[in-house]
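# Structural features, examined
Single-letter residue listing:
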Amino acid sequence: MTPDMTVIITGILVAVSCGLIGLFLILRQNAMLGDAISHSILPGLVLAFLITGSRNVLPMFIGAGVVGVLTAFITETISKTERVYKDAALGIVFTTLFAIGVILVSIFTGEIDLDQECVLYGEITYVHWDRLIMFGLDIGPRAPVILAAILIIDILFIFLFFKQLKITSFDPQFADSLMISSKKWHYILMIFVSMTVVASFESVGAILVIAMLILPGATSFLLTTKLLPMLLLSALFGTLSALGGYYCASLLDTSISSSIAVFGGIIFFIIFLIKSVVRTN
Amino acid sequence: MELWDLTIRFFSMADANVRYVIFGSMLLGGAAGGLGTFAFLQRRSLVGDTVAHAALPGVAIAFLLTGEKNLLIILSGALFTSWIGVVLVNYIISRSKLKLDTALGIVLSVFFGIGIVLLSIIQKSGSGSQSGLDKFLFGQAAAISKNDVILLAIVGTALLAIMTSLYPKFKIIVFDPLFASASGLKTNFLQFLLSTLIVISVIIGLQAVGVVLMAALLFTPAAAARQWTDNLSKMIMLASVFGAASGILGAYISFLAPKFPTGPWIVIVVSFIFVTSILFAPKRGVISKMRLHLNNQRKTNREHILKALYKSGQKLNDWSKTYSISEIANFWSFAESKLKYGIRQLTRQGMMESINGRYKLTDIGISEGARVLRLHRLWELYLSKYLELPEDHLHRDAEDMEHIITPEIEARLVKLLDNPQYDPHNQEIPYTDGKVKS
Amino acid sequence: MEAPIEVHDLTVAYRKKPVLWNIDFELPESKIIGLIGPNGAGKSTLIKAIMGLLPTVSGFVKIYGKPIKDARKRVAYVPQRESVDWDFPTSAFDVVLMGRYGNLSLFQRPTKADKEIAYESLKKVGMEEYADRQISQLSGGQQQRIFLARSLTQNADVYLMDEPFVGVDASTEKAIISLLKELKDRGKTVVVVHHDLHTVREYFDWVLLLNMRLVKIGPTKEIFTDENLKLTYGGKLNLLSEMAEKVGEHR
């Protein structure tokens, strides 16, 4: 596989896995929670690095899962203490955690492979040379291998628990009345969001993660009113953004992950405009 | 240099540059905190996050067009793209079924992406003075110069003046937009103006705090101020003070460690203020609520003791008999430690007295005991008369309410029930006047 | 014979302030019962508390003599129509099918039998033509019928409905009430949160008058009197809500 190919595949894997799981955030009218988690996992990631002294996959995912669920949980707790609305509570939690993360990064820059800019827009260009070594074996480029695993896990999760995700997203009270706990499934979804985010974050930075959690889902939401086609379209738009973004970036010689985000935005606005025109006529 | 010396140098403001930085950070923190209060109350806190991120392409475009780092031009660019961002958010919501949160996420990520694309193009084009632009990501308070402060001062004062003069109108559109339009206010225009002011307050903070975290300076001071007051004008002032203090402290930390970006430190400071407020604010802070709860539990315990002793005296129509602790414990299956603590408090308050290790009520204690029993029986009567609860359902409820009924509610109960003499179990309701003899 | 619903000494608080206070009643079988009271009286809260969806401060609820967690399948809940986002990407049929989810194990998908039940329920509310229609394209009345059809698939013995008549057209209102009568005739117990006092006598066999406390309960003829309505809606119980505030502050 050529280095360019690795970059493209990495981009597609990020876009598709974030696009699929992110659609459920949109359906729950909780899209900004994706934004929040993409920011707040930073300290978890840094601490996992610092404590284990390595970039082992397992501690990284545990750290991310814990911080992701914690973000959702602390937000709930603060908004329950009265007088802080949920949106502000969410904002306070993720800005605080992200600030802590950035400070940790700026203090320990020498000891971890992250810097402040990298946190935002990653270094997808070099993914090919960052290898995943397990049991002394070179399994392949680290980012796409991990992301492929995550994508499979996400698809399995959505496939196996489709009915729970659907009913708790549409009518949480009714779900509760059937003993399908909306709260439990909310937190389970947060774990999967966090895992997907952390797997992507490392190689592509926060900005692309946020973009891909929201844009493919929002675009497909404009086009269909059926859930399954919506998921498939999400994956499609994610893939298109990754391809288009990559070529634009090589054309303009600029940040690849940001280009993918922008390209996802271009697709969204084109479809949005077409839909508006069609509707007014 | 020593930490102490640096601290002195910073806060003495002997250095002109330090003066600019302090004054600038204070102004931008105060403006964002004050105006952010409106966004917070309209539950549009996260709009600030999108506004801040959407400023980045404007910063880059302004630089690309003029080729220089003139703050006024850069902030104008930022204002321009932020405004487009806000307009787009509203447009998306009004023209599709997507909700506010999704629209915010779309605009935030796409605009920020455009900003980064432009920044990396600028960086690769290698123009000399571009190095400063990436400071707009996480902020650098130390970069505030004298000219910048003049700009910040003009803009900040203008923001403050407009906010103060239109305060009554903003208040109405925040609390009751329907009433506002009904009473002939130009709600749309006012909302537009308010949003503009908020956008500007975000923009002037970008240099020091950075686009990524600027939103925190908008909603966190407001959330902290909310813990201390219910009054809007006080809340705005308090939020301004919190914002200004965070700005100054952030600048101070950045002065000590100039290599670090300022934004994250400012956020840490303002979040610390928030956590402190949640914990320690009087009345609604976590700590004072816990204390209130504990006090109420103790009061309930004391009143149970008073009532038990009163009732036992009532049987004999004589309250001069003394009891040992274990005898009192038997009246009410009191836990001994709680009982001892209650008696100690009651003795100190002059409601009980001890004679050779045995206890009895004082005159005040007797009338207090009578009051608790009276409230208990009044409540039972109220429930039975107005809700027709069966007799066996009255006691437990009254057992709680006897500690909560205030003198005003007591008076209303007495009036509503027409000076009742007997409770539903046909037991006498003790009134203090004339009935108590010691 | 155990009562379909027994509520004993139930207190529910929101942020420590009681919203339902020492509620105590039993409901008879084969009756349509109207749950009536002013705004903020705790009507929806009572329904949710019976369903076990809210933490309670004290008391218990029994469904045919069993705690709710052992009797969920015997109770069907119809939430307020406004409580969900009707732009959600799903069809009328899918929403109705959700009523069967409670009978499915963790990984199980709805079976053919489940789908048949869902289709039958759609028919009963006269919506079979709309099975594949997206829910966003339904009128308010049609959305309400879908919710009703969903509860029918649960094949429960007790139906708890939160304001099913709000925002529906006259023909839907008629259709719903005849459906409720049919349920009643099959021995089911139907509890309906209701606002329109004009139709109470026509619709309900029993009424439960609520204002934080249980004010009155019994057959409509005896209980639904001007005097009792005054007690429920009038100022005599103001003292209760004031006390509730104080309790909230106290705890």
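The model shown is predicted, which means the values in this text are computed figures rather than measured ones. (Residues numbered from 1 in each chain as written. Chains lettered and ligands numbered in written order. Predicted model: local features only at pLDDT ≥ 70, side-chain atom pairs only at ≥ 80, totals over all residues. Heavy atoms only, no water.)

## Remarks on the overall build of chain C
Looking only at helices and strands, chain C has ten helices and ten strands in total. Relative to the compact-globule value of 18 Å for 251 residues, chain C shows a C-alpha radius of gyration of 19 Å, a close match. Relative to its 251 residues, chain C shows a buried fraction of 57%. Partitioning the intrachain contacts of chain C with sequence separation of at least 6 by distance along the chain shows that 70% fall at a separation of at least 24. Looking at chain C as shown, the accessible area adds up to about 10,300 Å², and 47% of this sits on carbon and sulfur atoms. On chain C, the mean spot of the 35 positive side-chain charges and the mean spot of the 33 negative ones are 3 Å from each other. (Helix = DSSP H or I, 4+ residues; strand = E, 2+ residues; numbered from the N terminus. Rg over C-alpha atoms; globule rule 2.2 N^0.38 Å. Buried < 20%, exposed > 50% of the residue type's maximum accessible area, 1.4 Å probe, protein only. Contact = heavy atoms within 4.5 Å. Areas by Shrake-Rupley, 256 points an atom, 1.4 Å probe, with all protein chains shown as cover. Lys, Arg positive; Asp, Glu negative; His and termini not counted. Charge placed at Lys NZ, Arg CZ, Asp CG, Glu CD.)

## Re the interface of chain A and chain B
At the junction of the two partners, chain A supplies 55 residues and chain B supplies 56 residues. Of all residues in chain A, A:Met32, A:Arg83 and A:Tyr85 bury the most surface against chain B, accounting for 15% of the area lost on that side. In this assembly, chain A and chain B are joined by one salt bridge. Put simply, B:Asp230 and A:Arg83 hold a salt bridge, and the shortest N to O gap is 3.0 Å. Applying the counting rule to chain A against chain B returns nine residue pairs in polar contact (both at pLDDT 80 or more). Contributions of two or more residues to the side of chain A that touches chain B are made by α2 (31–52), α4 (86–107), α5 (116–121), α9 (182–223) and α11 (256–280) of chain A. Ranked by the residues each element gives to the side of chain A that touches chain B, the list is headed by α4(A), at 15 residues. Its residues assigned to classes, the side of chain A that touches chain B comprises 32 nonpolar, 16 polar and seven charged. (Buried area = accessible area lost by both parts, 1.4 Å probe. Salt bridge = Lys/Arg side-chain N within 4 Å of Asp/Glu carboxyl O. Polar contact = N/O pair within 3.5 Å; in protein donor to acceptor, adjacent residues only side chain to side chain. Nonpolar A, V, L, I, M, F, W, Y, C, P; charged D, E, K, R; others polar.)

## Focus: the packing of aromatic side chains
By the definition in use, this model includes 26 aromatic pairs over all chains. Considering the side-chain rings of B:Phe10 and B:Tyr252, the 5.3 Å spacing of their centres and the 55° angle between planes classify their relative orientation as tilted. Of this pair, B:Phe10 sits in helix α1 (residues 3–12) while B:Tyr252 is found in helix α12 (residues 232–256), placing the two residues 242 residues apart along the sequence. What makes B:Phe10 buried here is its relative accessible area of 1%. We classify B:Tyr252 as buried; its relative accessible area is 14%. Pairing B:Phe10 with B:Phe255 gives two aromatic rings, centres 5.2 Å apart and planes at 45°, and the pair type is tilted. Placement of the pair is B:Phe10 in helix α1 and B:Phe255 in helix α12, with a sequence separation of 245 residues. The same class applies to B:Phe10 as to B:Phe255, namely buried. Counting every residue linked through ring pairs, the aromatic cluster contains A:Phe157, A:Phe161, A:Trp185, A:Phe192 and C:Phe107. (Phe/Tyr/Trp six-rings, centres within 6.5 Å; stacked < 30°, edge-to-face > 60°.)

## Thoughts on the side chain of C:Lys43
All names here are of chain C. Along the chain, the position of Lys 43 falls in helix α1 (residues 43–50). No salt bridge is formed by the buried Lys 43; its nearest oppositely charged neighbour, Glu 163, is found at 5.1 Å. Here the side chain of Lys 43 touches Gly 37 through a polar contact of 2.9 Å, landing on its backbone oxygen. Apart from the residues lying within four places of it in its own chain, the contact partners of Lys 43 are Leu 35, Ile 36, Gly 37, Pro 38, Val 193, His 194, His 195 and Leu 210.

## What about the nonpolar core?
Generally speaking, a soluble globular protein has its nonpolar side chains buried in company with each other. Counting residues in hydrophobic clusters, the biggest one holds 286 residues, and the most contacted among them are A:Phe268, B:Phe38, B:Ile106, B:Leu206, B:Trp379, B:Tyr382 and C:Leu180. Tallying contributions element by element places α9(A) first for this core, with 25 residues. Here this core spans two domains, since at least three of its residues come from each of domain 1 (3–282) and domain 2 (285–438) of chain B. Not counting the four nearest positions on each side in its chain, A:Phe268 is found in contact with A:Leu215, A:Ala218, A:Thr219, A:Leu222, B:Ile92, B:Leu98 and B:Ile106. Counting residues in each nonpolar core, the second largest holds 30 residues, with C:Leu27, C:Ala49, C:Tyr77 and C:Trp206 among its members. (Core = buried A, V, L, I, M, F, W, Y, C linked by side-chain atoms within 4.5 Å. Domains from an automatic or database assignment.)

## Details of helix α3 (residues 57–80) of chain A
Since one α-helical turn is 3.6 residues long, residues separated by three or four positions face the same way. In a regular helix each residue adds 1.5 Å, so 24 residues correspond to 34 Å; α3(A) covers 35 Å between its end C-alpha atoms and thus fits that length. Along its buried surface, α3(A) packs onto α2, α4, α6 (142–160) and α9 of chain A together with α13 (262–280) of chain B. Positive backbone phi, at 80°, marks A:Glu82, one or two positions downstream of α3(A). (Expected span 1.5 Å × (residues − 1).)

## Things to note about the confidence of the model for chain C
Confidence in the prediction for chain C averages 91 pLDDT; 98% of positions are at 70 or higher. Reported confidence for the predicted complex is 0.93 by ipTM and 0.90 by pTM. (pLDDT = per-residue confidence, 0-100.)

## Examining the sheet that holds strand β3 (residues 32–36) of chain C
Residue and element names in this part refer to chain C. Spatially, six strands are ordered β6-β7-β8-β3-β9-β10 in an open sheet, and the strand pairing comes out mixed. Since the sheet does not close on itself, it has two edges, and those belong to β6 (75–78) and β10 (213–219), each with one partner. Mean inter-strand twist for the sheet, computed between neighbouring axes without regard to direction, equals 15°. By the bridge criterion, four bridges tie β3 to strand β9 (residues 206–211) in an arrangement that is parallel. Across the sheet, Ile 36 pairs through a bridge with Leu 209, a residue of β9. Relative to the sheet, helix α5 (residues 140–152) contacts β6 and β7 (158–161), its axis offset from that of β6 by approximately 165°. (Pairing = 2+ DSSP bridges. Axes fitted to C-alpha atoms, helices over the stretch in contact; angles between N-to-C directions.)

## Concerning the pattern of salt bridges
Taken as a whole, this structure holds 29 salt bridges over all chains when the rule is applied. For B:Glu327, the salt bridge goes to B:Arg358, with nearest N and O atoms at 3.2 Å. Residue B:Glu327 is located in helix α15 (residues 325–332), and its partner B:Arg358 is located in strand β2 (residues 358–361); the two are separated by 31 residues in the primary sequence. In this structure, C:Lys184 engages C:Asp205 in a salt bridge whose closest nitrogen and oxygen atoms are separated by 3.4 Å. One end of the pair, C:Lys184, is in helix α6 (residues 170–185); the other, C:Asp205, is in the loop between α7 (200–203) and β9, with 21 residues separating them in the sequence. A relative accessible area of 24% means that C:Asp205 is categorised as partly exposed. In this structure, a network of salt bridges that share partners links the residues B:Lys299, B:Glu303, B:Glu368 and B:Arg371.

## Observations regarding the side chain of A:Thr254
Assignment of secondary structure puts A:Thr254 in the loop between α10 (227–252) and α11. What A:Thr254 contacts, discounting residues up to four positions off in sequence, is A:Ala249, A:Ser259, B:Val117, B:Ser120, B:Ile121 and B:Lys124.

## Thoughts on the interface of chain B and chain C
Often, the extent of an interface is quoted as the loss of accessible area upon association of its parts. Taken together, the contact pairs 26 residues of chain B with 26 residues of chain C. Around 2,300 Å² of area is buried between chain B and chain C when both sides are counted, 59% of it from carbon and sulfur atoms. Viewed at the interface, chain C and chain B are joined by five salt bridges. Between B:Asp397 and C:Arg213 there is a salt bridge, with its nearest N and O atoms 2.7 Å apart. Our enumeration of links across chain B and chain C arrives at five residue pairs in polar contact (both at pLDDT 80 or more). Mapped onto the side of chain B that touches chain C, the elements with two or more residues apiece are α14 (286–316), α17 (363–386), α18 (395–401) and α19 (407–416) of chain B. Its residues assigned to classes, the side of chain B that touches chain C shows 13 nonpolar, six polar and seven charged.

## Describing a nonpolar patch on the surface
On the surface, A:Leu58, A:Ile62, A:Val66, A:Leu70, A:Phe73 and A:Ile74 cluster together to form a nonpolar patch covering roughly 550 Å² of accessible area. Counting through the fold element by element, A:Ile62 comes out in helix α3. (Patch = residues over 30% accessible without salt bridge, like charges linked within 9 Å, V, L, I, M, F, W, Y side chains within 5 Å.)

## Thoughts on the sheet that holds strand β1 (residues 5–14) of chain C
Residues and elements named next belong to chain C. The strand order across the open sheet formed by four strands is β2-β1-β4-β5, and the pairing between neighbours is antiparallel. Of all the strands in the sheet, just β2 (17–27) and β5 (66–67) have a single pairing partner and so form its edges. Direction of pairing for β1 relative to strand β4 (residues 58–63): antiparallel, over a ladder of five bridges. Residue pairing in the sheet places Thr 11 in a bridge with Ser 58 of β4.

## Brief notes about the pairing of β3(C)
All names here are of chain C. Most of β3 is tucked away, with five of its five residues classed as buried. In β3, alternate side chains face the same way, and those of Ile 32, Gly 34 and Ile 36 on one face and Ile 33 and Leu 35 on the other are all buried. Taken together, the four bridges between β3 and strand β8 (residues 189–193) define a ladder with parallel strand orientation. Each residue of the ladder has a partner; that of Ile 32, found in β8, is Val 190.

## With respect to the environment of B:Ser195
Residue and element names in this part refer to chain B. Its place among the elements puts Ser 195 in helix α10 (residues 187–209). With relative accessibility at 17%, the residue Ser 195 sits in the buried group. In the structure, Ser 195 is positioned 112 residues away from Trp 83 in sequence and 9.2 Å away in space, judged by C-alpha atoms.

## Here's the deal with unusual backbone geometry
Although it is not a glycine, B:Asn419 sits at a positive phi angle of roughly 45°. Residue class for B:Asn419 comes out partly exposed when judged on its relative accessible area of 49%. Within the chain, C:Ser30 stands out as a residue other than glycine whose phi angle is a positive 55°. Summarising the element assignment, C:Ser30 is placed in the loop between β2 and β3. Overall, C:Ser30 belongs to the partly exposed group, its relative accessible area being 27%.

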